[in-house]
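Residues per chain, in single letters:
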Amino acid sequence: MGDLIVNAVMQRDYPVIQGYILIVGLLVVVTNLIVDLMYLIINPHIKQGKEAA
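What counts, and at which threshold
- Residues numbered from 1 in each chain as written.
- Predicted model: local features only at pLDDT ≥ 70, side-chain atom pairs only at ≥ 80, totals over all residues.
- Heavy atoms only, no water.
- Helix = DSSP H or I, 4+ residues; strand = E, 2+ residues; numbered from the N terminus.
- Buried < 20%, exposed > 50% of the residue type's maximum accessible area, 1.4 Å probe, protein only.
- Areas by Shrake-Rupley, 256 points an atom, 1.4 Å probe, with all protein chains shown as cover.
- Axes fitted to C-alpha atoms, helices over the stretch in contact; angles between N-to-C directions.
- Parallel < 35°, antiparallel > 145°, perpendicular 65-115°, else oblique.
- Left-handed = near helix turned anticlockwise from the far one by under 90°.
- Contact = heavy atoms within 4.5 Å.
- Nonpolar A, V, L, I, M, F, W, Y, C, P; charged D, E, K, R; others polar.
- Patch = residues over 30% accessible without salt bridge, like charges linked within 9 Å, V, L, I, M, F, W, Y side chains within 5 Å.
- Salt bridge = Lys/Arg side-chain N within 4 Å of Asp/Glu carboxyl O.

Asks: Can you help me understand the overall build of the protein chain in this one?
Replies: Tallying secondary structure elements over the protein chain gives two helices and zero strands in all. Among the 53 residues that make up the protein chain, the fraction classed as buried is 6%. Surface accessibility of the protein chain: about 5100 Å² in total, with carbon and sulfur atoms responsible for 68%.

Written as structure tokens, this is what we have:
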């Protein structure tokens, strides 16, 4: 993937660059979602929408 994006930038291949950014962005969002869900499972004291007393 590294060579692909470097070559795309050098050749100004915008659809490839946009696709790469889209995939990386989706991976970041999915990773953050998984981490948040795991944190909720690991630490059950955290409840969404309730303030701490």
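Asks: Even after reading the chapter, I still don't get unusual backbone geometry, so can you show me in this structure?
Replies: Working note: non-glycine residues mostly have negative phi, and peptide bonds are mostly trans. Phi is positive for Arg-12, close to 55 degrees, though the residue is something other than glycine. Along the chain, Arg-12 turns up in the loop between helix H1 (2–10) and helix H2 (14–42). The class of Arg-12 is exposed, set by a relative accessible area of 61%.

Asks: I keep staring at the packing of H1 against H2 and nothing clicks. Help me out?
Replies: Helices that pack against each other are described as a pair by the angle of their axes relative to one another and the distance between those axes. Where H1 contacts H2, the two axes come as close as 8 Å, and the packing angle between them is 140 degrees. Regarding the angle of H1 to H2, the classification is oblique. Between H1 and H2 the crossing geometry is left-handed. Residue-level contacts link Leu-4, Ile-5, Ala-8 and Val-9 of H1 to Val-16, Ile-17 and Tyr-20 of H2. Here the contact of H1 with H2 is built from residues that sort into seven nonpolar, no polar and no charged.

Asks: How do you make sense of a nonpolar patch on the surface when you look at a structure like this?
Replies: A grouping of Val-30, Ile-34, Met-38 and Ile-42 is seen on the molecular surface, where their side chains present a nonpolar patch of about 390 Å² in accessible area. Tracing the sequence through the fold places Ile-34 in helix H2. The exposure class assigned to Ile-34 is partly exposed, which follows from its relative accessible area of 45%.

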